[in-house]
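# Structural features, examined
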Amino acid sequence: MRSSNPVFSRRGFSRDNGYAGFGRQPQAGGPAGGTQTQYAQGNPYAGAGQQAPTNPYATNPYAQQDLQYGAPQAPVTTAGRMTMDDVVMRTATTLGTLVVTAALAWALLPVDDANISKSYGIAIGAGLIAMVLGLVQAFKRKASPALILTYAALEGVFLGVVSSVVDNRIASGAAMQAVLGTMAVFLGVLVAYKAGWIRVNRRFYGFVMAAAMGFLLLTAVNLLFAVFGGGDGLGFRSGGLGIVFGIVGILLGACFLALDFKQVEDGIAYGAPKEEAWLAAFGLTMTLVWIYMEFLRLVAIFSGND
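Residues numbered from 1 in each chain as written. Predicted model: local features only at pLDDT ≥ 70, side-chain atom pairs only at ≥ 80, totals over all residues. Heavy atoms only, no water.

Our focus in this paragraph is helix 5 (residues 174-194). A turn of α-helix holds 3.6 residues, and therefore any two residues three or four places apart point the same way. Between its terminal C-alpha atoms helix 5 stretches 30 Å, which fits the 30 Å expected from 21 residues at 1.5 Å a residue. Turning to helix 5, its buried residues are A174, A175, A178, G181, T182, V185, V189, A192 and Y193. Buried residues of helix 5, viewed axially, fall in a sector of 130 degrees; they line one side. Away from the buried face of helix 5 by more than 90 degrees, exposed residues M176 and K194 are located. Looking at the buried side of helix 5, the elements it contacts are helix 2 (84-108), helix 4 (145-170), helix 7 (239-269) and helix 8 (277-304). Where helix 5 terminates, the next one or two residues include G196, which has phi positive at roughly 85 degrees. (Helix = DSSP H or I, 4+ residues; strand = E, 2+ residues; numbered from the N terminus. Expected span 1.5 Å × (residues − 1). Buried < 20%, exposed > 50% of the residue type's maximum accessible area, 1.4 Å probe, protein only. Arc of directions from axis to C-beta. Contact = heavy atoms within 4.5 Å.)

Here's what the structure looks like:
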């Protein structure tokens, strides 16, 4: 089962190619008799040709027999494995880099009539390079912290200029409203996911991916009509239809967050290597940027309708 986010389709986060998929629960010790459920697949991080014990963290191959006969079980070894603290720290570093460069771009790249073309050009260039770097990292076998932080820095330049344009020329306070909206969605999805209100399974994944493909297809068609016909193309990004489209985009971003939370949780449960916390940070950053841009667009549309 692959995540909506391309960085989670790599080893350790996608577990359909020899790994456990959504709906397959990690067997942290298993039953006393060593019986596994029909979904148990062992440790996806075990070496090739190795049969991992039921507990993916156990270093003692006889841990299940020891547990069955009352013997003390060998302590779990977690050195070198990804933890939630690792994910939080890497995500904070990545988002911090993005915020700092966005603030610098806002301050140093003016968007008045005399300089807006130059600032737009720099922003578009930074955005395109960030997109290329994001694709490179998405298809790399290992996380590259330098590449991820460079992506975040360039994405920050793009967001800083776009946010400044919307905030200063269209709707005052739009950037802060978009930030608050993004934080609200993140916290809401996190609470709902931890409370079990959102169940990430194959049906959920299929629905989200189908909706995302339809959303992106309509966006591409609208962009083509805008390029060749002028204006806003088919009107998917303005007026009442644009508002509906923006709300759908935010809901899709929320669903992507749930998928990302599931993938991170599973990576930790199955003992993903510590360096893959950078992939988690990269994926979460991409999703939050998506949600922020949709909120920023919605604020601009509402302001234009006043």
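The rest of the description comes next.
Turning to the packing of helix 5 against helix 8, a few remarks are in order. Between helix 5 and helix 8, whose axes approach to 8 Å, the crossing angle comes to 135 degrees. Taken as axis vectors, helix 5 and helix 8 run oblique relative to one another. Our pair here, helix 5 against helix 8, has a crossing hand that is right-handed. Across from A174, A175, Q177, A178, V179, G181, T182, V185 and F186 in helix 5, the residues of helix 8 making contact are L288, I291, Y292, F295, L296 and V299. When the residues that make up the contact of helix 5 with helix 8 are grouped by side-chain class, the tally is 12 nonpolar, 3 polar and no charged. (Axes fitted to C-alpha atoms, helices over the stretch in contact; angles between N-to-C directions. Parallel < 35°, antiparallel > 145°, perpendicular 65-115°, else oblique. Left-handed = near helix turned anticlockwise from the far one by under 90°. Nonpolar A, V, L, I, M, F, W, Y, C, P; charged D, E, K, R; others polar.)

Tracing the chain through its elements places T287 in helix 8. Residues T287 and G253 lie 34 residues apart in sequence; the distance between their C-alpha atoms is 6.3 Å.

Glancing now at helix 7. Helix length check: helix 7, at 31 residues, gives a terminal C-alpha distance of 45 Å against a target of 45 Å (1.5 Å per residue), a fit within 8%. Within helix 7, 23 of the 31 residues are buried, leaving the element largely enclosed by the surrounding structure. Residue G271 follows helix 7 closely and has a positive phi angle near 75 degrees.

Let us now look at the environment of G125. In this structure, G125 sits in helix 3 (residues 116-138). Its relative accessible area of 27% is what places G125 among the partly exposed residues. In the structure, G125 is positioned 29 residues away from L154 in sequence and 8.9 Å away in space, judged by C-alpha atoms.

This part is about the layout of surface pockets. Of the voids in this model, the largest pocket is the one considered here, and its volume is about 1,500 Å³. If you trace the largest pocket, you find 37 residues lining it, with M131, E155, V289, W290 and M293 closest to the centre. Among the elements of the structure, helix 3, helix 4, helix 6 (202-229) and helix 8 are those that each provide at least two residues to the lining of the largest pocket. Size it by volume and the second largest pocket reaches roughly 620 Å³. Of all elements in the fold, only helix 2, helix 4, helix 5 and helix 8 reach the threshold of two or more residues within the lining of the second largest pocket. Counting residues per element, the lining of the second largest pocket draws most heavily on helix 5, at 7 residues. The residue makeup of the lining of the second largest pocket, split by class, is 16 nonpolar, 4 polar and no charged. (1 Å grid on protein atoms, 1.4 Å probe; cavity = no way out; pocket = protein on both sides within 12 Å on 5 of 7 lines; lining within 4 Å. Points joined across faces, edges and corners; volume = space filled by probe spheres on them.)

With that settled, consider a nonpolar patch on the surface. Residues Y120, I124, L128, M131, L135 and F139 make up a contiguous nonpolar surface patch of about 630 Å² in total accessible area. In this fold, L128 is placed in helix 3. (Patch = residues over 30% accessible without salt bridge, like charges linked within 9 Å, V, L, I, M, F, W, Y side chains within 5 Å. Areas by Shrake-Rupley, 256 points an atom, 1.4 Å probe, with all protein chains shown as cover. Salt bridge = Lys/Arg side-chain N within 4 Å of Asp/Glu carboxyl O.)

Okay, the pattern of salt bridges next. On inspection of all chains with the given rule, the structure shows 3 salt bridges. The shortest N-O distance in the salt bridge between D113 and R169 comes to 3.0 Å. Here D113, found in the loop between helix 2 and helix 3, pairs with R169, found in helix 4; they are 56 residues apart in sequence, far enough to count as distant. When its relative accessible area of 64% is taken as the criterion, D113 is described as exposed. For D266, the salt bridge is made with K262, and the minimal N-O distance between the two is 3.5 Å. Residue D266 and its partner K262 are located together in helix 7, separated by 4 residues, close to a single helical turn. Here D266 and K262 have matching classes, each one buried.

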